[in-house]
Amino acid sequence: MIASRHSRDAKKDLFELPAVSAPPYTTSAIIYDHMMKEVDYRSWAKYLIMLMALAGKKSRRSQIHGEKLCDYACGTGNISFIMSRLGYAVTGVDSSEQMLEMAGEKLSRKRKDHPRFLCHDMTNFVSAGTFDRAICVYDSINYVNDTAAIGRFFKSVYASLKPGGVFVFDASMESNSLGDASLFVQKGSHKGLQYERKSEYDPMRKVHTTFVRVKKDGQVFEEIHREYVYQLDTLRELFARAGFEEKFAAGDFTMLEANEDSERIHFVLLKGQHD
Ligand SMILES: C[S@@+](CC[C@H](N)C(=O)[O-])C[C@H]1O[C@@H](n2cnc3c(N)ncnc32)[C@H](O)[C@@H]1O
């Protein structure tokens, strides 16, 4: 029996096949949760709550109840759902319709404690004085491609918080990209889709690029995810300019102060009571 081109291709590395380009978080949205299956979102959410407590916000369930929390760049809603089950009234904002569609599939008619999701660019999403807390996690800020847009994002978050509101975000730092970037390769399949990811880091341009290929209905799509690595001081200058007071910068999922070698930093920021 002569193998068809299709069956020969099925065994090939997806990076050897011709591909059609697709924007980030479009074709890959359906397999995002599968690709992230090693990520412990529950522990991450608990860590965020501990960090928020450092800014003077209590974290007991009774105190959380009904507090309004915005999850910027919420993706498929993994943290949003955990936070809403803990008692927050959650708004998840993301610019990818496809990621939000996946989040929407997790909504249950039987539960009332679920997030609402909005499709919007987070760098210009303002809901004046609405939220008690805001979060933005998992490298999402690294997707913002210049300092002017990051500055706009911080100002939008600041305007959207109530006085005394707390904002926690993380950033992937250069040590993370210098570490395993060129070694990272992931292959898998899920829901009938085959996928492969690989990364590279350009230390001159400070851009960490991940190529994501997804084979769907015999067609290979390629998304190019560019993440921009920012210096600690640059981020500090930008959020201070937006009005935030830094309460803490935690390194690598610890409660220890971050430094230049930290791979991931969570910043805990406060909007003053009188602003
Ligand atoms: C690595 S994913 C993280 C998703 C989610 N926070 C999580 O922890 O699984 C990055 C997300 O950032 C979103 N994103 C990137 N730039 C954005 C922007 N300017 N506005 C809103 N969302 C954005 C993407 O659509 C994607 O869902």
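This text gives an overview of the structure that appears in the document. (Residues numbered from 1 in each chain as written. Predicted model: local features only at pLDDT ≥ 70, side-chain atom pairs only at ≥ 80, totals over all residues. Heavy atoms only, no water.)

### Digging into the pairing of strand β3 (residues 89-94)
With respect to burial, β3 is a largely interior element, five of its six residues being buried. In this structure, strand β2 (residues 68-72) lies alongside β3, joined through five bridges in parallel fashion. Across the sheet, residue D71 finds its bridge partner in β3, namely G92. Where the polypeptide runs from β2 across helix α5 (residues 78-85) and back to β3, its parallel neighbour, the crossover connection is right-handed. (Buried < 20%, exposed > 50% of the residue type's maximum accessible area, 1.4 Å probe, protein only. Helix = DSSP H or I, 4+ residues; strand = E, 2+ residues; numbered from the N terminus. Pairing = 2+ DSSP bridges. Right-handed = clockwise from strand over helix to strand, strands pointing away.)

### Some words on the packing of helix α3 (residues 41-54) against α5
One way to put it is that α3 packs onto α5 with a least axis distance of 9 Å and a crossing angle of 60 degrees. When the axes of α3 and α5 are compared, the crossing they make is right-handed. Of α5, the residues touching α3 (which contributes Y41, R42, W44, A45, L48, I49 and M52) are N78, I79, I82 and M83. Its residues assigned to classes, the contact of α3 with α5 shows nine nonpolar, one polar and one charged. (Axes fitted to C-alpha atoms, helices over the stretch in contact; angles between N-to-C directions. Left-handed = near helix turned anticlockwise from the far one by under 90°. Contact = heavy atoms within 4.5 Å. Nonpolar A, V, L, I, M, F, W, Y, C, P; charged D, E, K, R; others polar.)

### Focus: the site of the ligand
By nearness alone, 17 residues border the ligand, and Y32, Y41, A73, D94 and M122 come closest of all. A distance of 3.2 Å separates a nitrogen atom of the ligand from a polar atom in the backbone of S95. The contact in question runs from a nitrogen atom of the ligand to an N or O atom on the backbone of M122, over 2.8 Å. When isolated, the ligand has an accessible area of 600 Å², and the protein chains bury 93% of it. (Near = heavy atom within 4 Å. Polar contact = N/O pair within 3.5 Å; in protein donor to acceptor, adjacent residues only side chain to side chain. Areas by Shrake-Rupley, 256 points an atom, 1.4 Å probe, with all protein chains shown as cover.)

### Quick notes on the side chain of K271
In this structure, K271 sits in the segment after β12 (264-270). Within polar-contact distance, the side chain of K271 engages the backbone oxygen of L161 at 2.9 Å. Filtering out sequence-adjacent residues up to four positions away, K271 remains in contact with Y158, A159, L161, K162, P163, G164, G165 and F244.

### Let's talk about the pattern of salt bridges
A full pass over the atoms with the stated rule returns 13 salt bridges. For D139, the salt bridge identified is with R264, shortest N-O distance 2.6 Å. Of this pair, D139 sits in the loop between β5 (131-136) and α7 (147-160) while R264 sits in strand β12, and the two are 125 residues apart along the sequence. Across this residue pair, the class does not change: D139 and R264 are buried. For E257, the salt bridge is made with R236, and the minimal N-O distance between the two is 4.0 Å. A residue pair is termed long-range when its members are at least 10 positions apart, and E257 in the loop between β11 (245-251) and β12 and R236 in helix α9 (residues 232-242) qualify at 21 residues. For R236, a relative accessible area of 25% translates into the label partly exposed. Ionic contacts of the salt-bridge type, sharing partners, join the residues D139, D170 and R264 into one network. (Salt bridge = Lys/Arg side-chain N within 4 Å of Asp/Glu carboxyl O.)

### Regarding the sheet that holds strand β4 (residues 116-119)
Spatial ordering of the open sheet is given by β4-β3-β2-β5-β6-β12-β11, a layout of seven strands whose pairing is mixed. Sheet topology places β4 and β11 at the edges, where each strand pairs with a single neighbour. Mean inter-strand twist for the sheet, computed between neighbouring axes without regard to direction, equals 15 degrees. In this sheet, β4 lies alongside β3 in parallel orientation, the contact comprising four bridges. By the bridge assignment for β4, D94 is matched with C119. Strands β2, β3, β4 and β5 of the sheet are contacted by α5, whose axis makes an angle of about 170 degrees with β3. Set on the sheet, α9 makes contact with β6 (161-172), β11 and β12; between it and β12 the angle comes to about 20 degrees.

### Overview of the packing of aromatic side chains
Scanning all chains against the criterion turns up 22 aromatic pairs. When the ring of W44 is compared with that of F253, the centres are 5.0 Å apart and the planes differ by 85 degrees; the resulting orientation is edge-to-face. One end of the pair, W44, is in helix α3; the other, F253, is in the loop between β11 and β12, and 209 residues separate them in sequence. Relative accessible area serves as the criterion here: at 39%, F253 is assigned to the partly exposed category. Between F169 and F267, the aromatic rings sit 4.9 Å apart at their centres with planes inclined by 20 degrees, giving stacked as the arrangement. With F169 in strand β6 and F267 in strand β12, this residue pair connects regions lying 98 residues apart in the sequence. Across the pair, exposure class does not vary: F169 and F267 are buried alike. Through successive ring pairs, a cluster of aromatic residues spans Y72, F125, F153, F154, Y158, F167, F169, F239, F244 and F267. Of note, K198 hangs over the ring of F15, and the distance from its end group to the ring centre comes to 4.3 Å. (Phe/Tyr/Trp six-rings, centres within 6.5 Å; stacked < 30°, edge-to-face > 60°. Lys NZ or Arg CZ within 6 Å of the ring centre and 35° of its normal.)

In short, geometric facts, not functional conclusions.
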